[in-house]
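Residues per chain are reported as follows:
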Amino acid sequence: AQLGDHWWPSVSLLHTALGAVNDRMWALSGAGSSPTSAIGAALDFTYVGNFLKGVPAHGWDSWFPVMLAMRHMDAGGAGLYETLFFAQNVKFQYATTSLLFIEPFWALWPTNLAWPLNALGWLAVAGTGYYVFRIAQHLIGDDRPFGGLSVVQNSLLLAASMTAALTFYPLVQAWELGQAQTFINFFCTLSLYLFLRRRTALSGFFLALACLLKPQLALFVLWGLVRREWRFVAGLVVTGAVGVIAAVARYGWHNFFAYFEVLGFLSRRGESYYINHS
């Protein structure tokens, strides 16, 4: 009941700062990831020039396999996963529904696909931090963007939320590596915020966009059914069904179902197989 009182944002910012220091000390002890890479990812992200360039140091992890997939589809598209994933050992581990996001950028930037996608990924990471702030406001009990709390308190809470996001290594590292995970994180965070605001159909819509990139998240349908969140389930299922129909129409039934063979392979071998064999 006291979360919205005067010192909550200040305590939150202090907690976030101490957590960041603890993470760095843990890394320095040798028990975690390299502190240089962790700090470097955050600093690389905060340099606005990298948003304009859209080219972080290693920004092709998702986009290079996606680019090869788009080239394969342009050449006819038969046996997408058999050719790329199994025969050529290309780590294209995404469902064909994910290519629906790529099509507009491929049409405009076929020789430099990483630039627009990493620029959007930068915005997605920043947007994730912003909706962490909005979720914190909701939990405090204030749903208005800058209402209730004082300007100073809102500023501290926003700073705490953005600091938490930009010092969370997996979040900024996803952008540093050029991964579709940046968009998944944003869609899931926005979906959570909308669900808390009881805009459940729209929450399901944005979670469905994440599912088109990572179909495993469709398990939330079961969660929604158990919780009897019918509008959430409807938004998720209808949007997902439209995406599946569009992907099948564009890329074919065979390629759509061949993805399940990829999932089976990854469940047995793991993603590290491609790290060790590429």
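See the structure shown above.
Scoring rules and cut-offs
Residues numbered from 1 in each chain as written. Predicted model: local features only at pLDDT ≥ 70, side-chain atom pairs only at ≥ 80, totals over all residues. Heavy atoms only, no water. Helix = DSSP H or I, 4+ residues; strand = E, 2+ residues; numbered from the N terminus. Buried < 20%, exposed > 50% of the residue type's maximum accessible area, 1.4 Å probe, protein only. Contact = heavy atoms within 4.5 Å. Areas by Shrake-Rupley, 256 points an atom, 1.4 Å probe, with all protein chains shown as cover. Phe/Tyr/Trp six-rings, centres within 6.5 Å; stacked < 30°, edge-to-face > 60°. 1 Å grid on protein atoms, 1.4 Å probe; cavity = no way out; pocket = protein on both sides within 12 Å on 5 of 7 lines; lining within 4 Å. Points joined across faces, edges and corners; volume = space filled by probe spheres on them. Nonpolar A, V, L, I, M, F, W, Y, C, P; charged D, E, K, R; others polar. Salt bridge = Lys/Arg side-chain N within 4 Å of Asp/Glu carboxyl O. Expected span 1.5 Å × (residues − 1). Patch = residues over 30% accessible without salt bridge, like charges linked within 9 Å, V, L, I, M, F, W, Y side chains within 5 Å. Disulfide = S-S within 2.5 Å. Axes fitted to C-alpha atoms, helices over the stretch in contact; angles between N-to-C directions. Parallel < 35°, antiparallel > 145°, perpendicular 65-115°, else oblique. Left-handed = near helix turned anticlockwise from the far one by under 90°.

A. Quick look at the overall build of the protein chain. Looking only at helices and strands, the protein chain features 15 helices and zero strands. Of all 278 residues assigned to the protein chain, the portion counted as buried reaches 47%. Expressed as a percentage of contacts within the protein chain between residues at least 6 apart in sequence, the contacts between residues at least 24 apart total 72%. With an accessible surface of roughly 14,300 Å², the protein chain has 68% of that area assigned to carbon and sulfur atoms.

B. Representation of the packing of aromatic side chains within the structure. Summed over all chains, the structure comprises 26 aromatic pairs. Their ring planes at 80° and their centres at 6.2 Å tell us that Phe256 and Phe260 sit as a pair that is edge-to-face. Here Phe260 and Phe256 lie together in helix H14 (residues 253-269), a separation of four residues that amounts to about one turn. Judged by its relative accessible area of 48%, Phe260 falls in the partly exposed class. Put simply, the rings of Phe101, Tyr130, Tyr131, Phe133, Phe186, Phe187, Tyr193, Phe205 and Phe206 touch in pairs and so form one group of aromatic residues.

C. Region of the structure containing the environment of Pro65. When you line up the elements, Pro65 lands in helix H4 (residues 63-74). Put simply, Pro65 and Gln93 are 28 residues apart on the chain and 8.4 Å apart in space, counted from C-alpha to C-alpha. Not counting residues within four places of it along the chain, the set of residues in contact with Pro65 comprises Trp60, Val90, Lys91 and Phe92.

D. How the structure looks around empty space enclosed by the protein. Tallied over the entire structure, the rule returns one cavity of 30 Å³ or more. Of the pockets and cavities examined, the largest cavity occupies roughly 50 Å³. Partitioned by chemical class, the residues of the lining of the largest cavity number six nonpolar, two polar and no charged.

E. Seen up close, the pattern of salt bridges. Enumeration over the complete set of coordinates arrives at three salt bridges. Between Asp61 and Lys91 there is a salt bridge; the shortest N-O distance is 3.4 Å. Within this pair, whereas Asp61 is found in the loop between helix H3 (48-53) and H4, its partner Lys91 is found in the loop between helix H5 (80-87) and helix H6 (99-108), the two being separated by 30 residues in sequence. Since its relative accessible area comes to 26%, Asp61 is described here as partly exposed. Using a relative accessible area of 16% as the deciding quantity, one classes Lys91 as buried.

F. Main features of helix H7 (residues 114-140). Taking 1.5 Å per residue, 27 residues should reach 39 Å; H7 reaches 39 Å between its end C-alpha atoms and fits that length. Most of H7 is tucked away, with 19 of its 27 residues classed as buried. Note on H7: the residue one or two positions beyond its end, Gly141, has a positive phi of about 110°.

G. Structural view of unusual backbone geometry. We note that Asn89 has phi near 55°; this positive angle belongs to a residue other than glycine. Looking at the element boundaries, Asn89 is found in the loop between H5 and H6. What makes Asn89 partly exposed here is its relative accessible area of 27%. The phi dihedral of Arg198 falls on the positive side, at around 65°, and the residue is not glycine. Along the polypeptide, Arg198 turns up in the loop between helix H10 (181-196) and helix H11 (200-213).

H. How the structure looks around a nonpolar patch on the surface. On the surface, a cluster of nonpolar side chains totalling about 460 Å² of accessible area is made up of Leu219, Leu222, Leu225 and Trp230. Its location among the elements puts Leu219 in the loop between H11 and helix H12 (220-226).

I. Main features of H6. Every buried residue belonging to H6 is among Leu99, Ile102, Glu103, Phe105 and Trp106, and all of these are buried. For H6, the secondary structure elements touched by its buried residues are H4, H5, H7 and helix H13 (230-251).

J. The arrangement of the state of the cysteines in detail. Applying the stated criterion to the full structure yields zero disulfides. Cysteine Cys188 is unpaired, with the sulfur of Cys211 as its nearest cysteine sulfur at 7.5 Å. You can call Cys188 partly exposed: its relative accessible area is 26%.

K. Examining the packing of H10 against H11 more closely. Two elements in contact, H10 and H11, have axes separated by 8 Å at closest approach and are oriented at 165°. In terms of orientation, H10 and H11 fall into the roughly antiparallel class. H10 and H11 meet at a crossing whose hand is left-handed. Residues Phe183, Ile184, Phe187, Cys188, Leu190, Ser191, Leu194 and Phe195 of H10 pack against Thr200, Leu202, Ser203, Phe206, Leu207, Leu209, Ala210 and Leu213 of H11.

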